[in-house]
Amino acid sequence: MALIKDAAESGSRGGSAGPVVHVDRVKARSTDTYELKFRGKESARILVKGDGDNDLDCFVYDQNHGLVAQDTDSTDSCLMEWTPKWEGKFYIKVKNNGAVYSDYLLMTN
C-alpha cells in the first residue's frame, strides 16, 4: 500500500500507464505472466502480495528476455525494483510453488 501512496504523491514514475493495481489468482504449481511498459531511466517497482497459502516467486524480464529483477525468497511477498535503461515492455512472471491456488495483489508505481 505504501507503494501506491508513494506513486500517487509523487506522480506516476516507472510505469508508462501510471500505477497498476491488479488482483488475480495463480493456480498451484503454475506461473502467471503480465506485459507492462515502463519508462527508461526512472525507478520501477513491482510488489506482489499473496494470500499467505504458498511461496510465490517473481521475475521481471526486459523485451529481450533478459532477467532484470527477481524475488525468490520463501515468502508470498515479492518486491522487485530496478531502473530500466530504456522505455519498453517488461514481462512479469508470478510463480506459485505451492500445492494449492494463491490469490494475490500485483501493484506497480
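Quick caveat, the model's predicted, so the values are computed rather than measured.

Here the focus is the overall build of the protein chain. Counting its secondary structure elements, the protein chain contains 1 helix and 8 strands. Element order for the protein chain, N to C, with α for helix and β for strand: α-β-β-β-β-β-β-β-β. Counting the 109 residues in the protein chain, one finds 39% classified as buried. In the protein chain, once contacts between residues fewer than 6 apart in sequence are set aside, the share between residues at least 24 apart is 73%. When the accessible surface of the protein chain is totalled, it reaches about 5800 Å², and 50% of it is carbon and sulfur.

Time to look at the nonpolar core. Grouped together as the largest cluster of nonpolar side chains are 19 residues, with contacts concentrated most on Ile46, Val48 and Ile92. For this core, the elements supplying multiple residues, two or more each, are strand E2 (31–38), strand E3 (44–50), strand E4 (56–62), strand E6 (77–82), strand E7 (88–96) and strand E8 (102–108). Once residues lying within four places of it in the same chain are set aside, the contact partners of Ile46 are Phe38, Val60, Cys78, Leu79, Met80, Trp82, Ile92, Leu106, Met107 and Thr108.

For the coordinates displayed, the defined rule picks out 3 aromatic pairs. Plain terms: the ring middles of Phe38 and Trp82 are 5.2 Å apart, the flat faces sit at 65° to each other, and that makes the pair edge-to-face. Here the residue Phe38 occupies a position in strand E2, and Trp82 occupies one in strand E6, the gap between them amounting to 44 residues. Like Phe38, the residue Trp82 is buried in the burial classification. Here the aromatic rings of Trp82 and Phe90 are separated by 5.5 Å at their centres, their planes lie at 55°, and the arrangement is tilted. Trp82 sits in the buried class, given a relative accessible area of 9%.

Rules behind the numbers
- Per chain, residue numbering runs from 1 following the sequence as it is written.
- Per-residue local features are limited, in this predicted model, to residues with pLDDT of at least 70; the limit for side-chain atom pairs, both in listing and counting, is 80 or more; totals at the level of whole chains, interfaces and linings are taken over all residues.
- Side-chain metrics rest on all non-hydrogen atoms present in the structure, leaving aside hydrogens and water.
- By definition, any uninterrupted DSSP run of H or I lasting at least four residues is a helix, any uninterrupted run of E lasting at least two residues is a strand, and each is numbered from the N terminus.
- Only protein chains enter the area calculation, which uses a 1.4 Å probe; residues under 20% of their type maximum are buried, those over 50% are exposed, and those in between are partly exposed.
- What makes two residues a contact is simply this: any of their non-hydrogen atoms within 4.5 Å.
- Areas reported as accessible are Shrake-Rupley estimates using a 1.4 Å probe. Residue values count occlusion only from the protein chains shown.
- By nonpolar core we mean a set of buried residues, namely Ala, Val, Leu, Ile, Met, Phe, Trp, Tyr and Cys, connected to one another through side-chain atoms within 4.5 Å.
- Note on aromatic pairs: the rings of Phe, Tyr and Trp (six-membered ring only in Trp) are paired at centre separations within 6.5 Å, and the planes decide the class, stacked below 30 degrees, edge-to-face beyond 60, tilted for the rest.

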